Amino acid sequence: YANQMREQEENLKHTCPFCRHPLPNSQEEADRNYMKRVEANDPFAMCHMGGKRCDEGDYDGAFEYWTKAAGLGHVAAHFELSCMYRDGKGVEKDKKKELHHLEEA
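Summarised in this report is the structure supplied together with it. This is a predicted model, so every value here is computed, not measured. (Residues numbered from 1 in each chain as written. Predicted model: local features only at pLDDT ≥ 70, side-chain atom pairs only at ≥ 80, totals over all residues. Heavy atoms only, no water.)

**Some words on the side chain of arginine 53**
Part 1 of the argument: For arginine 53, the position within the fold is in helix H3 (residues 43–55).
Part 2 of the argument: You can call arginine 53 buried: its relative accessible area is 19%.
Part 3 of the argument: Other than its neighbours up to four places away in sequence, arginine 53 contacts Asp58, Gly61, Ala62 and Tyr65. (Helix = DSSP H or I, 4+ residues; strand = E, 2+ residues; numbered from the N terminus. Buried < 20%, exposed > 50% of the residue type's maximum accessible area, 1.4 Å probe, protein only. Contact = heavy atoms within 4.5 Å.)

Written out as structure tokens, the structure reads:
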């Protein structure tokens, strides 16, 4: 938010709040940027990629990204893992693990 205010006040071009580079022009470029952030252990990027994999139907990939993000303390990743354990998508239904991740969230 503070960066957006500064950009508006100083008539600057909008940039990425994480790396301060110009925003990507294509989805492919955005995905490459997210993967760079995943490689740098950015839990937000890992959670985002988990959501993307889940939307594509790749529940194993989503589980992997969300597990890594949750291990780094990302609350939304814990919530998504609890939903996976509740619904049995990509994992076996497990009430105990569902509640664990829900409590962490």
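**As for the nonpolar core**
Part 1 of the argument: The biggest cluster of nonpolar side chains holds 16 residues, and the ones touching the most others in it are Val38, Trp66 and Ala77.
Part 2 of the argument: Mapped by element, the contributors of at least two residues to this core are helix H2 (27–39), H3, helix H4 (59–71) and helix H5 (75–87).
Part 3 of the argument: When residues of this core are assigned to their parent elements, the largest contribution, five residues, is made by H4.
Part 4 of the argument: If sequence neighbours within four positions are ignored, tryptophan 66 has contacts with Met46, Cys47, Gly50, Gly51, Cys54, Ala77, Glu80, Leu81 and Met84. (Core = buried A, V, L, I, M, F, W, Y, C linked by side-chain atoms within 4.5 Å.)

**Description of the pattern of salt bridges**
Part 1 of the argument: Within the structure shown, the criterion is met by seven salt bridges.
Part 2 of the argument: Glutamate 28 serves as the salt-bridge partner of arginine 32, at 3.5 Å between the closest nitrogen and oxygen. Here arginine 32 and its partner glutamate 28 are both found in helix H2, four residues apart, which amounts to about one turn of the helix.
Part 3 of the argument: Arginine 32 sits in the partly exposed class, given a relative accessible area of 46%.
Part 4 of the argument: You can call glutamate 28 exposed: its relative accessible area is 58%.
Part 5 of the argument: Close ionic contact of aspartate 42 with arginine 37 constitutes a salt bridge, the shortest N to O distance being 2.7 Å. (Salt bridge = Lys/Arg side-chain N within 4 Å of Asp/Glu carboxyl O.)

**Description of unusual backbone geometry**
Part 1 of the argument: Positive phi values are uncommon outside glycine, yet asparagine 41 reaches one of about 60°.
Part 2 of the argument: By secondary structure assignment, the location of asparagine 41 is in the loop between H2 and H3.

**Thoughts on H2**
Part 1 of the argument: Its 13 residues give H2 an end-to-end C-alpha distance of 18 Å, which sits within 8% of 18 Å, the value for a rise of 1.5 Å per residue.
Part 2 of the argument: By the burial criterion, the buried members of H2 are Ala30, Asp31, Tyr34, Arg37 and Val38. The buried residues of H2 occupy an angular sector of 120° when projected down its axis, which confines them to one face. More than 90 degrees from the buried face of H2, the exposed residues found are Glu28, Lys36 and Glu39.
Part 3 of the argument: Against H3 and H4 lie the buried residues of H2.
Part 4 of the argument: The positive-phi residue at the C-terminal boundary of H2 is asparagine 41, with phi of around 60°. (Expected span 1.5 Å × (residues − 1). Arc of directions from axis to C-beta.)

**Notes on the environment of serine 82**
Part 1 of the argument: Locating serine 82 in the fold gives a position in helix H5.
Part 2 of the argument: For the pair formed by serine 82 and glutamate 103, sequence separation is 21 residues and the distance between their alpha carbons is 9.1 Å.
Part 3 of the argument: When neighbours within four sequence positions are excluded, serine 82 is seen to be in contact with Glu98, His101 and Leu102.

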